[in-house]
Amino acid sequence: MARSLSPAVLARLVRARDRLHDAPAAAPTVAALAADVRLSRAHFLRSFALVFGVTPHAYLTSLRLDLAKRALARGASVTEACFDVGFSSLGSFSSLFAREVGVAPRDWQRRVRTVLPSAELWPAIWIPACFLIQHAPSTFGEALLGPRGVGQAS
Amino acid sequence: MIIKHSHTTIYVTDQDRAKAFYTEKLGFEVRDDVRMGTFRWLTVAPKTQPDGCLILFALEAGPMMDAEACAALRTLLDKGVLGVGVLQADDCHRTYQELKERGVQFASAPKEMPYGIEAMFRDDSGNFWSLCERKA
């Protein structure tokens, strides 16, 4: 597990992962990342997967999907969400999204925006509903427990 | 079957200060920092743990906690008797030194225990944590 890695290697892996977060749309290649943190490609791939549970490529893909969801929740078009987060093909993005999330991007967006109809509420998408209802019932109770009409929740 | 633990609530007395403590002193990263009206959803996690997070929840009287309950919890925090869990270190002695240099207040230095090496510290609100290097 992770603790069999030296703290120095762990710190380098975190740095490489941070680079993916810094520029997910224009992320460095695996070779560049490995070189940047001074590990061989094989060592980098192996230890990255050990620490983060997935390959750098899979990590980046899930990061991009998360960013795409946030963009869609904000109201971006599927095309904008796709290219803004670094995917280069609309078709591959849509099929990847459908495979990983279970519904097509447009359907996912429609669903989210029905539950959280006003722009003010869109950040709530990653907040478990139990917290929202308990701690901000006046704002969220209606939106999450059954809106009486779209647009009234704010 | 429950497969994973994903969120834990930690009550903090000041979210800005707690955010600084967990990021600058412990080296965690912010996962969410979202405000909606007076509600602030603030979560942090160790950088090497992609799939779990701590909710730094403001200890304030509100719909779920009346002023009396809030004051009682605050007293417990002030007394430093609320334990929130265990954080694993790759090297307890080394992490202890690093955190101490950053100003983290330790209640006990690293000690050999049957399950590993363990130190105890408190966060800026008074929650105490075990910092543990597990034995294989």
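Residues numbered from 1 in each chain as written. Chains lettered and ligands numbered in written order. Predicted model: local features only at pLDDT ≥ 70, side-chain atom pairs only at ≥ 80, totals over all residues. Heavy atoms only, no water.

K.L.:
In this structure, what is going on with the overall build of chain B? I would like to understand it.
P.N.:
Within chain B, the regular secondary structure consists of 3 helices and 8 strands. In chain B, the order of α-helices and β-strands from amino to carboxyl end is β-α-β-β-β-α-β-α-β-β-β. The C-alpha radius of gyration computed for chain B amounts to 16 Å, which stays within 12% of the reference 14 Å derived for 136 residues, consistent with globular compactness. Taken over the C-alpha atoms alone, chain B extends approximately 45 × 35 × 35 Å along its principal axes. Per-residue burial for chain B yields a buried fraction of 40% across its 136 residues. Contacts spanning at least 24 positions in sequence make up 50% of the contacts within chain B whose residues lie at least 6 apart. In chain B, 17 side chains carry a positive charge and 20 a negative one; their mean positions are 2 Å apart. (Helix = DSSP H or I, 4+ residues; strand = E, 2+ residues; numbered from the N terminus. Rg over C-alpha atoms; globule rule 2.2 N^0.38 Å. Buried < 20%, exposed > 50% of the residue type's maximum accessible area, 1.4 Å probe, protein only. Contact = heavy atoms within 4.5 Å. Lys, Arg positive; Asp, Glu negative; His and termini not counted. Charge placed at Lys NZ, Arg CZ, Asp CG, Glu CD.)

K.L.:
In this structure, what is going on with the sheet that holds strand S3 (residues 39-45) of chain B? I would like to understand it.
P.N.:
Hydrogen bonds between backbone atoms are what pair the strands of a sheet, whose relative direction is either parallel or antiparallel. Residue and element names in this part refer to chain B. In spatial order, the strands read S1-S4-S3-S2; together these 4 strands make up an open sheet with mixed pairing. Lying at the two open borders of the sheet, with one neighbouring strand each, are strand S1 (7-12) and strand S2 (29-36). Strand after strand, the sheet turns through a mean of 25° between neighbouring axes, direction not considered. The pairing of S1 with strand S4 (residues 53-58) spans 6 bridges and is classified as parallel. Directly across from histidine 7, in S4, lies its bridge partner cysteine 53. (Pairing = 2+ DSSP bridges. Axes fitted to C-alpha atoms, helices over the stretch in contact; angles between N-to-C directions.)

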